[in-house]
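# Geometric and topological summary
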Amino acid sequence: MTTTQASLLATSDSQDISNLLSELPKQTWFEDFELYQWQGTWYLPAHLEGMFATQKLFQAREDDIIIASSLKSGTTWLKSLVPCIINCPQGDDDDPLTKYHPHRVVNTLEARVFLDNLDISTLPSPRIFHTHLPYNSLPDSIKISNCKIVYIARNAKDAFVSLWHFMNKLRTQEQGPFSIDKAFESFCNGVQLFGPSLDHVLEYWNKSLVFSNKILFLKYEELKRNPKEQVLKLASFLGKSFANDEELDNVLWRSSFERLKNLDVNKSGNINLGFTNSSFFRLGTTGDWKNYFTQEMQERLDQIIRLKYEGSGLDV
Ligand code: A3P
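Residues numbered from 1 in each chain as written. Predicted model: local features only at pLDDT ≥ 70, side-chain atom pairs only at ≥ 80, totals over all residues. Heavy atoms only, no water.

## Here we look at the site of the ligand
Around the ligand sit 18 residues, and of these Lys-72, Thr-75, Thr-76, Ser-162 and Leu-283 come closest. Backbone polar atom of Gly-74 to an oxygen atom of the ligand: 3.0 Å apart, as the coordinates give it. Within the side chain of Arg-282, an N or O atom sits 2.8 Å from an oxygen atom of the ligand. In isolation the ligand offers 560 Å² of accessible surface; the protein chains occlude 97% of this area. No other element matches the three residues that helix H4 (residues 75–87) contributes to the shell around the ligand. Here the shell around the ligand is built from residues that sort into seven nonpolar, eight polar and three charged. (Near = heavy atom within 4 Å. Polar contact = N/O pair within 3.5 Å; in protein donor to acceptor, adjacent residues only side chain to side chain. Areas by Shrake-Rupley, 256 points an atom, 1.4 Å probe, with all protein chains shown as cover. Helix = DSSP H or I, 4+ residues; strand = E, 2+ residues; numbered from the N terminus. Nonpolar A, V, L, I, M, F, W, Y, C, P; charged D, E, K, R; others polar.)

## Regarding the packing of aromatic side chains
Aromatic ring pairs are defined here through the distance separating the ring centres and the angle between the ring planes. With the rule as written, the count across this model stands at 22 aromatic pairs. Taken together, a centroid distance of 5.8 Å and an interplanar angle of 80 degrees make the contact between Tyr-43 and Phe-194 edge-to-face. Residue Tyr-43 is found in strand E3 (residues 41–43), and its partner Phe-194 is found in the loop between helix H9 (180–188) and helix H10 (197–210); the two are separated by 151 residues along the sequence. Accessibility assignment for this pair places Tyr-43 and Phe-194 in one class, buried. With centroids separated by 4.4 Å and ring planes inclined at 20 degrees, the aromatic side chains of Tyr-151 and Tyr-204 adopt a geometry described as stacked. (Phe/Tyr/Trp six-rings, centres within 6.5 Å; stacked < 30°, edge-to-face > 60°. Buried < 20%, exposed > 50% of the residue type's maximum accessible area, 1.4 Å probe, protein only.)

## Re the packing of helix H12 (residues 227–237) against helix H13 (residues 245–254)
Running from N to C, H12 and H13 point in directions that differ by 100 degrees, and their axes come no closer than 11 Å. Comparing the axis directions of H12 and H13 gives the class roughly perpendicular. Contacts from Pro-227, Lys-228, Val-231 and Leu-232 of H12 reach H13 at Asp-245, Leu-248, Asp-249, Val-251 and Leu-252. Residue composition of the contact of H12 with H13, grouped by class: six nonpolar, no polar and three charged. (Axes fitted to C-alpha atoms, helices over the stretch in contact; angles between N-to-C directions. Parallel < 35°, antiparallel > 145°, perpendicular 65-115°, else oblique. Contact = heavy atoms within 4.5 Å.)

## A closer look at empty space enclosed by the protein
Within this structure, the stated rule accounts for two cavities of 30 Å³ or more. As a volume, the largest cavity reaches approximately 70 Å³. In terms of lining, the largest cavity is formed by Ser-70, Leu-71, Ser-73, Arg-154, Ala-156, Ala-159, Ser-197, Leu-198, Val-201, Tyr-309 and Val-316. Elements that contribute at least two residues to the lining of the largest cavity include exactly helix H8 (156–168) and H10. With three residues, the top contributor of residues to the lining of the largest cavity is H10. Taken together, the residues of the lining of the largest cavity sort by class into seven nonpolar, three polar and one charged. If you add up the space inside the second largest cavity, you get close to 30 Å³. Surrounding the second largest cavity, Trp-29, Phe-30, Phe-160, Leu-163, Ala-183, Ser-186, Phe-187, Val-191 and Gln-192 form its lining. Breaking the lining of the second largest cavity down by element, the ones donating at least two residues are H8 and H9. (1 Å grid on protein atoms, 1.4 Å probe; cavity = no way out; pocket = protein on both sides within 12 Å on 5 of 7 lines; lining within 4 Å. Points joined across faces, edges and corners; volume = space filled by probe spheres on them.)

See below:
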């Protein structure tokens, strides 16, 4: 570790980020972005700064709920589901999803909270936050306190295709879509914002086995296949129950892809990095990768996944 890295770690001085960047491995991602590798994970400079600020400043409360995910794995869904489970809105008036994009209903620690300096101290309990940070980079207070972590994982091929579409939304007409082959090469090499994503998933999976009362590991595919069962499991993990079937149905409907995609608030406007609100709602299905993967891509990624997850008991 160099002196700059050591002092940054000691002080978490997020102002001094440019010195650090010059020392870190760097990769171009989707042509227009420079990612920097810190402790095995790839970051944009802003998120690296957000990560240090989160580590330095975030004080978890015992009853905080932290949603964690790799990119394009169902974050938006959980940012809708968890507040609905906690608050059980009776109508549109007390449902924040009617007025705000899910990414504004639940803010991401290393992005909106600590880069935009949101005042989170006055938020009523239980507070709900999100993070894309890998487990090893979570602030100590999250790890030490009794706050709960809900992790969502998704089939890697679907997450990759979803990401490719998502990143293409940022490109101009002249640029056209980014080469899927180049994007796939990066993905297979583990170069991805907050990635390598397989390591991200595996680390949370392993921790969820050790700290099963603290970390709930959910899979996008299981939520799609059996939403009632999975939402009951999630609610029970968060210490909530439903008075009757209608309450459960209400939560499922309020956080459903079909409803959210068609809400005015999600049809227009921008969220951050220039992403439109609507870009977070594309298909909301499983297995779309089959429309994009060649046999060769499938075999290559399956092999990488097999080797990575071998012996872990994880299959996503
Ligand atoms: P697709 O691009 O495959 O449609 P994230 O929220 O982590 O960025 O993931 C985005 C993916 O979740 C997108 O997948 C998006 O359509 C899907 N998604 C968003 N909201 C959803 C919801 N309420 N239910 C199911 N899927 C949802």
